[in-house]
Amino acid sequence: MTFRPVTQTSRAQPTMEGAGVHLHRVFGFGDPGESDPFLLLDDFRNDVPQHYEKGFPWHPHRGIETITYVLDGEVEHGDSLGNTGTLGAGAVQWMTAGSGILHQEMPKGNAAGQMHGFQLWANLPSSLKMTAPRYQDIAGSDIPQIIDDDGTRVKIITGNFWGKAGPVDGIAAEPLYLDVSVPPNARKTLPVDTRANAFAYVFAGAGRFADAADPIGVRVEKEVAGQEINIRDMTGNRTLVRFGNGDDVTVHAGPEGVRFLLVAGRPIQEPVAWHGPIVMNTQAELMQAMKDLRNGSFIKSQH
């Protein structure tokens, strides 16, 4: 058994998308090899309806899969194939855009006006770039949850973990996507496929991701008295943690516990030609996608 070392930590950055949705970008539009096969992760947590209610009007996707996980509020969606639906609290939608789809997503807050969720983009290999689009909408009640003896809770969205399988299947990257809650001051070791790239995204509480018996934390850059210094610190809210190679991820929860997404997938290791929501392998394929959008042939017949 080998523990995965922490190779990098970074904070999610505020940005705006869609028709003016305020969100935090965890990663995306950088080096696609860093998190291969994952391309982007957004945290769209917000308590101000005016900052999210205009949503994400009609836009195209091709060559990728988008994974939407709703914690609070709901997301109404519709697409060019006539599919419509609503994702409630705890629900997941795994959309395989494949050859191309036009869709929209309109978030709505809960009774207190709160909206919280995540959207992850996963790349498709060249052999599946032009596959038929499909949806997997999973209600929160259908996502298995394991509660360990120490109180650790793990929701399994996709992949196999501790003897249970998540409800989302047939995904190209064979990913693991977990929502993990570790109680205060507990130390937990979680198995991860050795051949997969892996990251954690902390969105509540704090913890230390380390392989030492004593939770010494990881080195992060912080500004103190106007100077950038390296210190050992707990990994807290809206922090991305990237891991090196190994079989297991270890976390030491802080005094308030820690909750994070743990995501892993085997890298595709193919060239990436990327323009917004369209991700192909070559510039020629990307230009063809743009041409298809202009001439009205973006949506392919599935018959």
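Worth saying up front: this structure is predicted, and the values here are computed from it rather than measured.

About the criteria used
- Residues numbered from 1 in each chain as written.
- Predicted model: local features only at pLDDT ≥ 70, side-chain atom pairs only at ≥ 80, totals over all residues.
- Heavy atoms only, no water.
- Helix = DSSP H or I, 4+ residues; strand = E, 2+ residues; numbered from the N terminus.
- Buried < 20%, exposed > 50% of the residue type's maximum accessible area, 1.4 Å probe, protein only.
- Contact = heavy atoms within 4.5 Å.
- Pairing = 2+ DSSP bridges.
- Axes fitted to C-alpha atoms, helices over the stretch in contact; angles between N-to-C directions.
- Core = buried A, V, L, I, M, F, W, Y, C linked by side-chain atoms within 4.5 Å.
- Lys, Arg positive; Asp, Glu negative; His and termini not counted.
- Salt bridge = Lys/Arg side-chain N within 4 Å of Asp/Glu carboxyl O.
- Polar contact = N/O pair within 3.5 Å; in protein donor to acceptor, adjacent residues only side chain to side chain.

Draft legend 1. Geometry of the environment of Gln104. With respect to the element layout, Gln104 can be found in strand E10 (residues 101-108). By relative accessible area, which is 22% here, Gln104 ends up partly exposed. When near neighbours in sequence (up to four residues on either side) are disregarded, Gln104 contacts Phe56, Pro57, Trp58, His59, Glu76, His77 and Gly78.

Draft legend 2. Focus on the sheet that holds strand E7 (residues 74-79). Ordered in space as E5-E10-E7-E8, the four strands form an open sheet in which the pairing is antiparallel. The open sheet has two edge strands, strand E5 (56-61) and strand E8 (84-87), and neither has a second partner. Ignoring which end each strand starts from, the neighbouring axes of this sheet average 25° apart. Bridge count between E7 and E10: six bridges; the pairing is antiparallel. Bridge pairing in E10 places Asp79 opposite His103.

Draft legend 3. Structural view of the nonpolar core. Core analysis: the largest hydrophobic core is formed by 25 residues, its most contacted members being Leu178, Val180, Val182, Phe209, Phe243, Phe260 and Leu262. If you tally residues by element for this core, the top one is strand E23 (residues 248-265), at seven residues. One finds Val26, Phe27, Ile67 and Tyr69 within the second-largest nonpolar core, a separate group that totals 24 residues.

Draft legend 4. View of the sheet that holds strand E11 (residues 116-123). In space, the seven strands of this open sheet follow the order E2-E3-E4-E11-E6-E9-E12, with antiparallel pairing throughout. Here the strands that pair on one side only, and so sit at the sheet edges, are strand E2 (13-17) and strand E12 (134-138). Strand-to-strand twist of the sheet, defined as the mean angle between neighbouring strand axes without regard to direction, takes the value 25°. In this sheet, E11 lies alongside strand E6 (residues 64-72) in antiparallel orientation, the contact comprising eight bridges. The residue of E11 that forms the bridge with Ile67 is Leu120.

Draft legend 5. Fine view of the side chain of Arg4. Within the secondary structure, Arg4 is located in the segment before strand E1 (6-11). Summary of buried charges: Arg4 has no salt-bridge partner, and the nearest side chain of opposite charge, Asp193, is 6.2 Å away. From its side chain, Arg4 meets the backbone oxygen of Gly246 in a polar contact 3.1 Å long. With near-sequence residues (within four places) excluded, Arg4 lies in contact with Val192, Asp193, Thr194, Ala196, Ala198, Phe243, Gly244, Asn245, Gly246, Asp247, Asp248 and Val249.

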